[in-house]
Structure formats: structure tokens, C-alpha cells
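These are the residues of each chain, in order.
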Amino acid sequence: MSFASIRIGLYDSVKQLYTPKGAENTSMGTRLLAGCTTGAVAVACAQPTDVVKVRFQASGTLSDSGRRYSSTVDAYRTIAREEGIRGLWRGTLPNIARNAVINCGELVTYDLIKEALLRAQLMADNVPCHFVAAFGAGFCATVVASPVDVVKTRYMNASPGQYRNALSCLLALLMQDGAAGLYKGFVPSFLRLGSWNIVMFVSYEQLQRVMVLARPSLA
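Rules of the game
- Counting of residues starts from 1 at the beginning of each chain's written sequence and follows it residue by residue.
- Residue-level local features of this predicted model are given only where pLDDT is at least 70; pairs of side-chain atoms are given and counted only at 80 or more, and the full residue set underlies all totals for whole chains, interfaces and linings.
- Hydrogens and water molecules were not included; the side-chain quantities draw on all heavy atoms of the structure.
- Comment: elements are numbered from the N terminus, with helices defined as DSSP H or I runs of at least four residues and strands as E runs of at least two.
- Contacts are residue-level and defined by heavy atoms, with any inter-residue pair within 4.5 Å sufficient.
- Relative accessibility under 20% of the residue-type maximum defines a buried residue, over 50% an exposed one, and the middle range a partly exposed one, all with a 1.4 Å probe and only protein chains included.
- Any Lys or Arg side-chain nitrogen located within 4 Å of an Asp or Glu carboxyl oxygen qualifies as a salt bridge.
- Residues belong to a common nonpolar core when they are buried Ala, Val, Leu, Ile, Met, Phe, Trp, Tyr or Cys residues joined through side-chain atoms within 4.5 Å.
- To estimate the expected span of a helix, count its residues, drop one, and scale the result by 1.5 Å.
- For patch building, the residue pool is restricted to those with more than 30% relative accessible area and no salt bridge; the joining distance is 9 Å between like charges and 5 Å between nonpolar side chains (Val, Leu, Ile, Met, Phe, Trp, Tyr).
- Note on areas: Shrake-Rupley with a 1.4 Å probe; residue coverage comes only from the protein chains shown.
- A pair of aromatic rings is counted whenever rings of Phe, Tyr or Trp (Trp by its six-membered ring) have centres within 6.5 Å, and the orientation is called stacked for planes under 30 degrees apart, edge-to-face for over 60 and tilted otherwise.
- Whether a charge sits over a ring comes down to the Lys NZ or Arg CZ being within 6 Å of the ring centre and within 35 degrees of the ring normal.
- Under this scheme, a helix contributes an axis fitted over its contacting stretch, all axes are lines through C-alpha atoms, and angles between N-to-C directions fall in the 0 to 180 degree range.
- Throughout this description, any angle smaller than 35 degrees is read as roughly parallel, any larger than 145 degrees as roughly antiparallel, any in the 65 to 115 degree range as roughly perpendicular, and the remainder as oblique.
- Classification used: nonpolar for Ala, Val, Leu, Ile, Met, Phe, Trp, Tyr, Cys and Pro, charged for Asp, Glu, Lys and Arg, polar for all others including Gly.

**A few points about the overall build of the chain**
- If you tally the helices and strands in the chain, you get 8 helices and 0 strands.
- Moving toward the C terminus, one meets the helices and strands of the chain in the order α-α-α-α-α-α-α-α.
- Principal-axis analysis of the C-alpha atoms gives the chain an extent of 60 × 45 × 35 Å.
- Excluding contacts between residues fewer than 6 apart, the proportion of contacts in the chain whose partners are at least 24 apart in sequence is 68%.

Here is the structure:
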């Protein structure tokens, strides 16, 4: 919840912060920079939880005798004890890259598609317009983020010392599976990201309208 609040909730504020005073429109570069910023900040705060989630889910597929963690709290403790506190931030850089890409793919693409639909007067600023823009944003985010996501998951699940860094993990993946390996699980990823974007953006737009309508009564 806090992760989504940072990367999505702060996007408009950071975008306004980066937009030069007096500018009539927000440039593509400003939108991309805002998306990268909020994505990176969100990852820095949530990385330990992400590491524990990935490790705990991977451990859950093993037999009872092979499981390394008995609970989520035990996973935090075991990782910190065996790998140090830095172990909880393992894979931070590829995760920042992933979420910067996803943030730009989702938020910037949604902004651009919605603006294009409204500018061309193809749709009004309502739920159907938000649905179409969110669907397109989910597809674009999946296309650009799948390679980073595959490398991140493999790297975070690797045993200590298996890969020197995220780049060596990427090269090993390409040698083993080729470029197609970077898009393993594309369809389920799109179904997850696409549905998430539709629910999130449609809800976000409606909540924004409710807040705007509620301001006069609160003043």
C-alpha cells in the first residue's frame, strides 16, 4: 500500500515540481523524470519487503524439510543474519530499473493516451476514456518491463554467489534461453498489470473527482 502510494500518489506532485514555472504543457522528459523519481523512491522504501516476498514464495514451493523460513518475520531475521542488512536490499538496482520503467510505462503512457483521446475528441473525460487509457498503459508497461522483471526475479532467487551482479544474470539468461527468455510469462504478466492498471486508474480518477467535489464543503 505504501509502495503504491509513493510511486503513484506522488507522481502528479513531482511532475509539477519538475515543470518549469510558466510552462503551458508538461514535456515528455519531465513526465519520464517524474515517473523515474517516484519509482526509485518507492523501491528504496519497499525493497526489504519485496526481497522477503520473493524468497518466501520460492521457499513455499519446497518440501517442509527444505523450507528455509517458517514465517515472514523469520525470513527477515534469517536474511539479515546470514547475508547482513544489505541482503534485505539485494537486487535494489534492477528493481529500481524495473519500477522506473513500469512507472513510466504506466503513468506517462496513461497521461499521453488520455490526452490524445481528449485532444482528438474521440472520447469524453469519463470512465470509458480512463478504461481505454489504462488498458493501453498496462500493455505498454508489460512490454517494456517484462525483461527487467524476469532478470530481477531470477537474480533475487539466486543462491549467494551464483551471479556476480544483475548484468551477469542477464547475460546468463540470454546464453541459456535467448532473447525470448526475457518475455517468459508475458501473458500472465499482462493480465496482472492490465487488470491492475484498469482498476487503479479508474478508481484514482473517480477518487480525484470526489476530492474535488468535497473541497468546497470542507472549506
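**Here we look at unusual backbone geometry**
- Residue Gln121 is not a glycine yet carries a positive backbone phi of 60°.
- In this fold, Gln121 is placed in the loop between helix H5 (92-119) and helix H6 (127-157).
- According to the relative accessible area criterion, Gln121 is exposed, its value standing at 72%.

**Here's the deal with the pattern of salt bridges**
- Summed over all chains, the structure comprises 14 salt bridges.
- Between Arg154 and Asp177 there is a salt bridge, and its shortest N-O distance comes to 3.6 Å. Highlighted residues: Arg154 in helix H6 and Asp177 in helix H7 (residues 166-177), separated in sequence by 23 residues.
- Look at Asp177 and you get partly exposed, because its relative accessible area is 27%.
- One salt bridge in this structure joins Lys184 and Asp177, with 3.2 Å as the shortest N-O distance.
- Residues joined in a network through salt bridges with shared partners are Asp12, Lys15, Arg31, Asp111, Glu115 and Arg119.

**Some thoughts on the nonpolar core**
- Membership of the largest hydrophobic core comes to 15 residues, with the highest contact counts inside it found for Tyr11, Leu107, Tyr110, Ala134 and Phe201.
- Mapped by element, the contributors of at least two residues to this core are helix H2 (11-18), H5, H6 and helix H8 (186-218).
- Among residues more than four places away in sequence, those in contact with Tyr11 are Arg31, Ala34, Gly35, Thr38, Leu107, Val108 and Asp111.

**Concerning H5**
- Between its first and last C-alpha atoms H5 spans 39 Å; for 28 residues at 1.5 Å apiece the expected length is 40 Å, and the two agree.
- Just past H5, the residue Gln121 takes up positive phi, approximately 60°.

**Remarks on a nonpolar patch on the surface**
- Together, Leu17, Tyr18 and Leu33 make up a nonpolar patch on the protein surface, roughly 310 Å² of accessible area in all.
- Within the secondary structure, Leu33 sits in helix H3 (residues 28-60).
- Leu33 sits in the partly exposed class, given a relative accessible area of 46%.

**Thoughts on the packing of aromatic side chains**
- Applying the stated criterion to the full structure yields 5 aromatic pairs.
- On the basis of an interplanar angle of 5° and a centroid distance of 3.9 Å, the ring pair of Tyr110 and Phe201 is categorised as stacked. In this pair, Tyr110 is assigned in helix H5 and Phe201 in helix H8, connecting sequence segments 91 residues apart.
- By relative accessible area, Tyr110 is classed as buried at 3%.
- Exposure remark for Phe201: the relative accessible area of 3% places this residue in the buried category.
- Judged by centre distance (6.1 Å) and plane angle (55°), the ring pair of Tyr183 and Phe186 falls under tilted.
- By relative accessible area, Tyr183 is classed as partly exposed at 37%.
- Judged by relative accessible area, Phe186 falls into the partly exposed class, the value being 21%.
- Among the aromatic side chains, those forming a connected cluster through ring pairs are Phe135, Phe139, Tyr183, Phe186 and Phe190.
- Taking the ring centre of Tyr155 as reference, the NZ or CZ of Arg90 above it sits at 5.3 Å.

**Notes on the packing of H6 against H7**
- Remark: H6 packs on H7, axes separated minimally by 9 Å, with the N-to-C direction vectors making an angle of 110°. The pairing of H6 with H7 is recorded here as roughly perpendicular in orientation. Note on element contacts: H7 touches H6 through Ala166, Cys169, Leu170, Leu173, Gln176 and Asp177, opposite Val150, Val151, Arg154 and Tyr155.
- A per-class count over the contact of H6 with H7 returns 7 nonpolar, 1 polar and 2 charged.

That is the geometry; function is a separate question.
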